[in-house]
Structure formats: C-alpha cells, structure tokens
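The residues making up each chain are set out below.
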2 protein chains.
Amino acid sequence: MLVLITYDVSTSSKEGRRRLSQVAKKCLDYGQRVQNSVFECMVDATQFRRLKYELEELIDETTDSLRFYNLGDNYKTKVQHVGAKPSYDISGPLIL
Amino acid sequence: MLVLITYDVSTSSKEGRRRLSQVAKKCLDYGQRVQNSVFECMVDATQFRRLKYELEELIDETTDSLRFYNLGDNYKTKVQHVGAKPSYDISGPLIL
C-alpha cells in the first residue's frame, strides 16, 4: 500500500534541525521524497507500524507533527502532479 | 471527497514568496491548512477541477510543484495525525 507522510518539524533550534534531517532520512529508508516535507512509501501493514513508531520516536510531539495518509494499493488514479520535479513511479521498472 | 494538496513553491525570489502566499490563500478558500504546505479540501469533482485550474494558474511550473491526492469520501480511517496542532474534523460539527 502507498502511504503518504507529511511532517512539520520546528527548525527554530539546532535540535529541531537535527530532528528534521533524521525524520527525512528515516522516510527515505522506506520510500521517496516527492516534495520538501512530503514522502511516499510503499509499505505493508507491519512496515507501516514500524515506520510510524520509528518516526514518533524521532519527533518532539509538543512542537512537531506527522500526518500519515493511507492511499491503499489502488493509488495511481488518486495522485496528480503539476509542475517541477515529478516523482518517479515507485512501483515502476528501475531503469539502470 | 477529501483532496489533499501539497506544494513546493520556490521562495528564493520576492515573486516566489508572493506565489506561495497566493497558493496558500487559494487552498484556504476550499479547505483547511493541516501543516505548513499541506491542505485538506472537501470538494466535489467540479470544485476540484476549478481549484486545480486556479492553482495551476498561480504557480511557476518550472520551479514550483503541486501534488493532489484524492482520498475519496471514506477518508477518516485513512488519515492519522501525531504530534502538535491536530486539524479539526473538516466535516464535523462547527462548535460556536
């Protein structure tokens, strides 16, 4: 299933900037960045639970926020991109 | 149906910063901000087409990007929020 992850991490402190890069790195472990703080991850239910747990451990819940949108398996017709840097199709052929 | 809108607008120029605020204002006409550049809009198909057109008119497609995620009518089980500033339920009762 495709899970969209969006986040706001407070970068007013050095600690916040560190959290921001850790959150981005963690999302990259599971999927691709499609916009600045927007990631698309193809995960099963178990992977999703683990990813969510790992991200919750990284953020400061008083200042930062995470949003998860489950688009299911039938996601291609649900996503539209306009403008710069369209993402590659995460489940498409990997051309080397 | 619930449509999620995420965007990246280049703010390296004054013109870009102006586009950014226009895009945010336009999204607010149709829905609510849930994170910095993430909006949730309850729209029908016609409203969605108009919103998409109006946003496309505002951005510079060479530097900015818009992403639209159609979560349909049955969206409540698909969205999870963790951390600061949870959004109000867009279709819930308006308590005055």
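All of these numbers come straight from a predicted model, not from anything done at the bench.

So, about the environment of Asp8 of chain A. Mapped onto the fold, Asp8 of chain A is located in strand β1 (residues 2–8). In this structure the C-alpha to C-alpha distance between Asp8 of chain A and Ile59 of chain A, which are 51 residues apart in sequence, comes to 9.6 Å. Discounting residues that sit within four places of it in the chain, Asp8 of chain A has contacts with Asp64 and Ser65 of chain A together with Gln35 and Asn36 of chain B. Here Asn36 of chain B takes part through its backbone nitrogen, which lies 2.7 Å from a polar atom of the side chain of Asp8 of chain A.

All names here are of chain A. In the contact formed by helix α1 (residues 14–30) and helix α2 (residues 45–58), the axes pass within 10 Å of each other and the chain directions differ by 170 degrees. The angle between the axes of α1 and α2 places the two elements in the roughly antiparallel class. Side by side, α1 and α2 meet where Arg19, Gln22, Val23, Lys26, Cys27 and Tyr30 of the first sit next to Gln47, Arg50, Leu51, Glu54, Leu55 and Leu58 of the second. Looking at the contact of α1 with α2, its residues break down into six nonpolar, two polar and four charged.

For the rest of this paragraph, the subject is the sheet that holds β1 of chain A. With respect to topology, five strands assemble into an open sheet ordered β2(A)-β3(A)-β1(A)-β4(A)-β5(B), the strand pairing being antiparallel. Two strands close off the open sheet at either side, each with one partner strand: β2 (31–35) of chain A together with β5 (79–83) of chain B. On average, each strand axis in the sheet is tilted by 20 degrees relative to the strand beside it, whichever way the strands run. In this structure, β1 of chain A lies alongside strand β3 (residues 38–42) of chain A, joined through five bridges in antiparallel fashion.

Here we come to the relation of the copies chain B and chain A. Note that the two copies of the chain are related through a rotation about an axis and a translation along the same axis. With an axial shift of 0.0 Å and an RMSD of 0.0 Å, the rotation relating chain B to chain A amounts to 180 degrees. The two molecules are tied by a two-fold rotation axis, judged by turn and shift. Relative to the rotation axis, the closest C-alpha in chain B is found at Leu71 of chain B, a distance of 3.4 Å. A share of 100% of the interface residues of chain B reappears at the interface of chain A, consistent with the copies meeting face to face through the same patch.

Rules used throughout
- Residues numbered from 1 in each chain as written.
- Chains lettered and ligands numbered in written order.
- Predicted model: local features only at pLDDT ≥ 70, side-chain atom pairs only at ≥ 80, totals over all residues.
- Heavy atoms only, no water.
- Helix = DSSP H or I, 4+ residues; strand = E, 2+ residues; numbered from the N terminus.
- Contact = heavy atoms within 4.5 Å.
- Polar contact = N/O pair within 3.5 Å; in protein donor to acceptor, adjacent residues only side chain to side chain.
- Axes fitted to C-alpha atoms, helices over the stretch in contact; angles between N-to-C directions.
- Parallel < 35°, antiparallel > 145°, perpendicular 65-115°, else oblique.
- Nonpolar A, V, L, I, M, F, W, Y, C, P; charged D, E, K, R; others polar.
- Pairing = 2+ DSSP bridges.
- Least-squares fit on C-alpha atoms with pLDDT ≥ 70 in both.

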